[in-house]
Every structure is written in structure tokens, then in C-alpha cells.
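Next come the chains, spelled out residue by residue.
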Amino acid sequence: MKGSHWFTIGIVTFLVLMFVIECRLPKQFVWNPTFSHIDKQPFGCAVFDSLLSSSLPNGYSLSRKTLYQMEQDDSLSCRGILVIAEDLSFGKADVKAMLKAAERGSKIVLVSHSFSRLLRDTLGFDCSYARYSARSLKKYATSFLSKDSLRWVGDTAVYSPQTFRVYPQLCLPYFWNDSIKAEILAEKAILGKDINRKSERDYWLPNTVCWTPVVMSYTWGKGEIILASTPLLFTNYGVLDGKNATYIFRVLSRLKGLPIVSTEGYMKETAQVQVSPFRYFLSQEPLRWALYLTMLSILLFMAFTARRKQRAIPVIREPENKSLESIELIGTLYYQKKDHADLVRKKYIYFAEVLRREIQVDVEEVADDAHSFGRIARKTGMEAEEVGTLIREIRPVIYGGRTISAEQMKYYIDKMNEIINHI
């Protein structure tokens, strides 16, 4: 029992040690954008929301409602609405609710890589399409290449122009505007040859650096609609980047004086599920403790049942050798029948097979006796005449059915054994 206690202590110590090592290992970051309020990875928004909650004087709250649902719940209040998503696929009801809220004085900030056709036609703008790649970002970040330029040009009476340096993968899309109503707030540098819009390529030389909008503002009624094509900067990574966080707060400063609501109503559910398979369990305290107790019970069960249980060792009897009894039984039968010729016949069959296998001699072929007897004599060192005499005496017993005495049987068998032993 003392040994089993030490075994249990060793298992528990090993598990505790592995837990401590796992906790002290550097965390592996996941560079996939989720924009989730509970995701603390670089492209989640948990830290982003926490910082804004403590920084904005007029309040910052979270919601999972769409613009249409917000419009139905509270159609009179004016507020700032922040929508961050990978793809904003607004339908007719969402666009109509957004325009109504802006007419009353609400200010809406839409941050996304792509916007629906209905929204683009309504406001009179278009945008390029670019797909974010985490692998491309890691490769670019480790290659020590220069970053892209992103400059603020709006609110000249309040802010002076400022240039920010960001990775190209974080600000790939850009706008082009066909409406004189839009106010450009921020723009990015891009080579003329990289412009996606065909009608614009004639105005720029291939190697000329031009500036394309990434943040635009539309005045609508008493309110304002702000579009930004850099959602990856409105995340934990962007707000913790001391040099570029200013860019985020300059965009949000357009909502000053209003309480801000950030909504996840347009996020894909798959993006939130990627955070953790136990997301809901960990978010509820009773379920969280139930999960912890379950894991602890499993560990204790493993520790106390891993030791070997004492069981009675069965007694295994040594198998009995029945060969001798079988030989005695067969010998008794032959002794009782007095069939000495049959024993010689069986021995002769074995004797002939040994000669065929070992020295390639067939003593059953009478025509080859001279050759066979000579070869047996050379192999055994016996006289050829002696070998021939023995085999010729045995053949009448084998083929003729002649009866023999026990002494003759013993003699023939001993002589055949002597030949076999000398081969």
C-alpha cells in the first residue's frame, strides 16, 4: 500500500507541474479577425471595448441588435452607432433604418472590408475588394519591408494632418467617390498601377503615388454617416498600437456628444464560435464552476484508479507429457498382436524416406540396387555387401508378408538405425 501512495503522489505532482508549465508558456496568438466583444486575440474587440468604455465620457455600450431592430426599439433618441464587421451586407430594411436614424441626428460609423451594393448605390460610392490573409501578414511583418502610409486629412480646424504607418494587409480596401457630398477624412498611399478602378487608371501614371480615401463622411439630415475600410485597425491590435490608436480616436471623435453603441448584429455566428468551444459555459459562473469541478473529478478519478489492483494469481499447472503413454499403448498393442513384420514395415518406410531425403537414394528401386548399395556404403563407411544383404533380407518381410520373430525384428530395426546414424 505504501508503494501505491507514492504512485498517486507522483501522478498528482506531474499533473500540477504540467499545469504550471502550460500556464507559463507564451500564449499563441490567433491572427484571424472575429471582431467579437469577448475575443482577446489581436483582431478581437474585447480590449478595444474595455478601453472605450473607460475613455468615452458620454457612455459606451454593447449590443447584438441590427440597425433595423434599434430603430424599432427606440426611434426618437439620437446616439452614435458603431458597426464593425468583415462584410456589411445591408438589406433594404437596414439601409432605410440607418437613413432614418441619421436624419434625426444619430451618427453612424460603418467599418468593414466590403459594403452591400444597395448601400453603395444609396450613398453614391464604390470600394475595392481585397481579402485579408493572416499568412501574408506574418510573412510581411517578418520581412522588414516598409509599411504603408495612412494620413488624416479631415477636421483641419481641430486636427492637424498626421501620417500613420500600418501594414498593407490591415488597410487593403479603399473608396472612390462619385458624390460631392462626401468629406474625405483619411486616405492611403497607393501606386497608380495598383488602382482597381479602370476609369481612374488613365489619370495616374503607373509609378505615381496617389492618395485614395479610406474614411469618408456623409452628412445626412441632422446626422452623419461615416464609412471606414480599415476594420482590422478597430480591434485590440489597433487600439493597443500607441502610434496608430490616434487614428481610431479621431474617427470616433466625430461621434462626440452622443452615447455610443457598438453592435455585433452583423457579425457571422461562425466568427464568434471560433473563440472557444466552451464560450457559453465560461461566460456563466455556475456553468463555469461545474466545468471546473468536472475536470477536477476526472483528474482525481485518473489518479486513484491508475494504480494496479491486487488480484489472486491463478495456479497454472505444467502441461503433462502424454507421448510416453501413447508409445507404451502402441507398443502394448503390437506386443499383444505379435505382428513383428508390421513394425519392420513401418520402420522401413521411414528408413527409405530418410535415404531419399539425405543422400538421394531410392532403395525401393530394385534395378538400381548396385548403385544404391554402393552410395550407402560410401556415405556410412559400411561394406556394400553388408548393406545389400540387409536390404534383400528385409524386402521379403515388407513385400512378401513373411513372418519374423522378435529377435529378427530387433535385428533389422537396429541395422536400419545404424545406417541412418552414420549418414
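Residues numbered from 1 in each chain as written. Predicted model: local features only at pLDDT ≥ 70, side-chain atom pairs only at ≥ 80, totals over all residues. Heavy atoms only, no water.

How should I be thinking about the nonpolar core in this particular structure?
Generally speaking, nonpolar side chains in soluble globular proteins are found buried as a group. If you look at the biggest cluster of nonpolar residues, it comprises 43 residues, and the most contacted ones within it are Phe48, Leu82, Val215, Phe234, Tyr247 and Val251. Apart from residues lying up to four places away in sequence, Phe234 is in contact with Cys45, Phe48, Ile84, Val111, Ala228, Tyr247, Ile248 and Val251. Counting residues in each nonpolar core, the second largest holds 27 residues, with Leu99, Ala101, Leu119 and Ala182 among its members. (Core = buried A, V, L, I, M, F, W, Y, C linked by side-chain atoms within 4.5 Å. Buried < 20%, exposed > 50% of the residue type's maximum accessible area, 1.4 Å probe, protein only. Contact = heavy atoms within 4.5 Å.)

Can you walk me through the confidence of the model for the chain in this structure?
Parts of the prediction with low pLDDT should not have their coordinates interpreted in detail. Confidence in the prediction for the chain averages 82 pLDDT; 88% of positions are at 70 or higher. Mean pLDDT across the elements of the chain ranges from a minimum in helix α10 (residues 269-273), with 42, to a maximum in strand β4 (residues 107-111), with 94. Across residues 198-205, confidence stays below pLDDT 50; counting only partners more than four residues off in sequence or on other chains, it has nine contacts. Across residues 269-275, where pLDDT falls below 50, the model places 13 contacts with residues more than four positions away in sequence or in other chains. (pLDDT = per-residue confidence, 0-100. Helix = DSSP H or I, 4+ residues; strand = E, 2+ residues; numbered from the N terminus.)

So what exactly am I meant to see when it comes to the packing of helix α15 (residues 369-380) against helix α16 (residues 384-400) here?
Packed helices, taken two at a time, are described by the angle their axes make and the gap between the axes. Direction vectors running N to C along α15 and α16 enclose 125°, while the axes themselves pass 8 Å from each other. In terms of orientation, α15 and α16 fall into the oblique class. Read as a crossing pair, α15 and α16 show a hand that is right-handed. Of the residues in α16, those touching α15 at Asp369, Phe373, Ile376 and Ala377 are Ala384, Val387, Gly388, Ile391, Arg392 and Arg395. Looking at the contact of α15 with α16 residue by residue, the class counts come to six nonpolar, one polar and three charged. (Axes fitted to C-alpha atoms, helices over the stretch in contact; angles between N-to-C directions. Parallel < 35°, antiparallel > 145°, perpendicular 65-115°, else oblique. Left-handed = near helix turned anticlockwise from the far one by under 90°. Nonpolar A, V, L, I, M, F, W, Y, C, P; charged D, E, K, R; others polar.)

I tried to follow the packing of α16 against helix α17 (residues 406-422) on my own but got confused; where do I start?
The N-to-C vectors of α16 and α17 enclose an angle of 135°; their axes lie 11 Å apart at closest approach. Taken together, α16 and α17 sit at an angle that is classed as oblique. Considering only the axes of α16 and α17, their crossing is left-handed. Mapping the contact onto sequence places Glu386, Leu390, Glu393, Ile394 and Val397 in α16 and Tyr411, Tyr412, Lys415, Met416 and Ile419 in α17. Its residues assigned to classes, the contact of α16 with α17 comprises seven nonpolar, no polar and three charged.

Would you mind showing me how to read the side chain of Ser149 here?
Mapped onto the elements, Ser149 comes out in strand β7 (residues 148-152). Of note is the side chain of Ser149, whose polar atom sits 2.4 Å from the side chain of Arg165. Excluding its chain neighbours within four sequence positions, the residues that come into contact with Ser149 are Thr163, Phe164, Arg165, Glu187, Lys188, Ala189 and Trp211. (Polar contact = N/O pair within 3.5 Å; in protein donor to acceptor, adjacent residues only side chain to side chain.)

Help me out: how do you make sense of unusual backbone geometry in this one?
Across residues other than glycine, the phi torsion is negative in most instances, and most of the peptide bonds are trans. The backbone of Phe35 shows a phi angle near 60°, a positive value even though the residue is not glycine. With respect to the helices and strands, Phe35 occurs in the loop between α1 (2-24) and α2 (46-55). Classification of Phe35 as buried rests on a relative accessible area of 3%. Positioned with a positive phi, Gln360 is a non-glycine residue whose angle comes to about 55°. What makes Gln360 exposed here is its relative accessible area of 56%.

I tried to follow the sheet that holds strand β8 (residues 162-166) on my own but got confused; where do I start?
Pairing between the strands of a sheet comes from backbone hydrogen bonds, and it takes one of two forms, parallel or antiparallel. What the nine strands build is an open sheet, ordered β1-β13-β2-β4-β12-β11-β10-β7-β8; its pairing is mixed. Two strands in the sheet have a free side with no partner beyond their single neighbour: β1 (60-63) and β8. Put simply, the sheet's adjacent strands are angled 20° from each other on average, direction ignored. Note that strand β11 (residues 209-220) and strand β12 (residues 223-228) share six bridges and pair antiparallel. Residue Trp220 lies in a different strand from β12, and its bridge partner there is Gly223. Seen against the sheet, α2 touches β1, β2 (80-84) and β13 (260-263) and runs at an angle of roughly 140° to β1. (Pairing = 2+ DSSP bridges.)

It is not clear to me how a nonpolar patch on the surface should be interpreted in this structure. Could you clarify?
On the surface, a cluster of nonpolar side chains totalling about 580 Å² of accessible area is made up of Phe281, Leu282, Leu287, Trp289, Tyr292 and Met295. When residues of the nonpolar patch are assigned to their parent elements, the largest contribution, four residues, is made by helix α12 (residues 285-305). Mapped onto the secondary structure, Phe281 falls in helix α11 (residues 279-283). By relative accessible area, which is 39% here, Phe281 ends up partly exposed. (Patch = residues over 30% accessible without salt bridge, like charges linked within 9 Å, V, L, I, M, F, W, Y side chains within 5 Å. Areas by Shrake-Rupley, 256 points an atom, 1.4 Å probe, with all protein chains shown as cover. Salt bridge = Lys/Arg side-chain N within 4 Å of Asp/Glu carboxyl O.)

Help me understand the side chain of Ser112 in this model?
Secondary-structure assignment places Ser112 in the loop between β4 and β5 (114-115). Filtering out sequence-adjacent residues up to four positions away, Ser112 remains in contact with Ala85, Glu86, Asp87, Leu88, Ala228, Ser229, Thr230 and Pro231.

Would you take a moment to explain the pattern of salt bridges for this structure?
If you walk through the whole model with that rule in mind, you get 19 salt bridges. Lys415 is paired through a salt bridge with Glu386; the nearest N and O atoms lie 2.7 Å apart. Highlighted residues: Lys415 in helix α17 and Glu386 in helix α16, separated in sequence by 29 residues. Classification of Glu386 by relative accessible area gives partly exposed; the value is 34%. For Glu418, the salt bridge goes to Lys415, with nearest N and O atoms at 3.2 Å. Residue Glu418 and its partner Lys415 are located together in helix α17, separated by three residues, close to a single helical turn. Salt bridges sharing common partners tie together Asp155, Glu183, Glu224 and Arg254.

What is the right way to read helix α6 (residues 134-141) from this model?
Because the α-helix completes a turn every 3.6 residues, residues three or four places apart line up on one side. All buried positions along α6 are accounted for by Ala134, Leu137 and Tyr140. The arc that holds the buried residues of α6, viewed along the axis, is 130°, so those residues lie on one side. For α6, the exposed residues lying more than 90 degrees away from the buried face are Arg135 and Lys139. (Arc of directions from axis to C-beta.)

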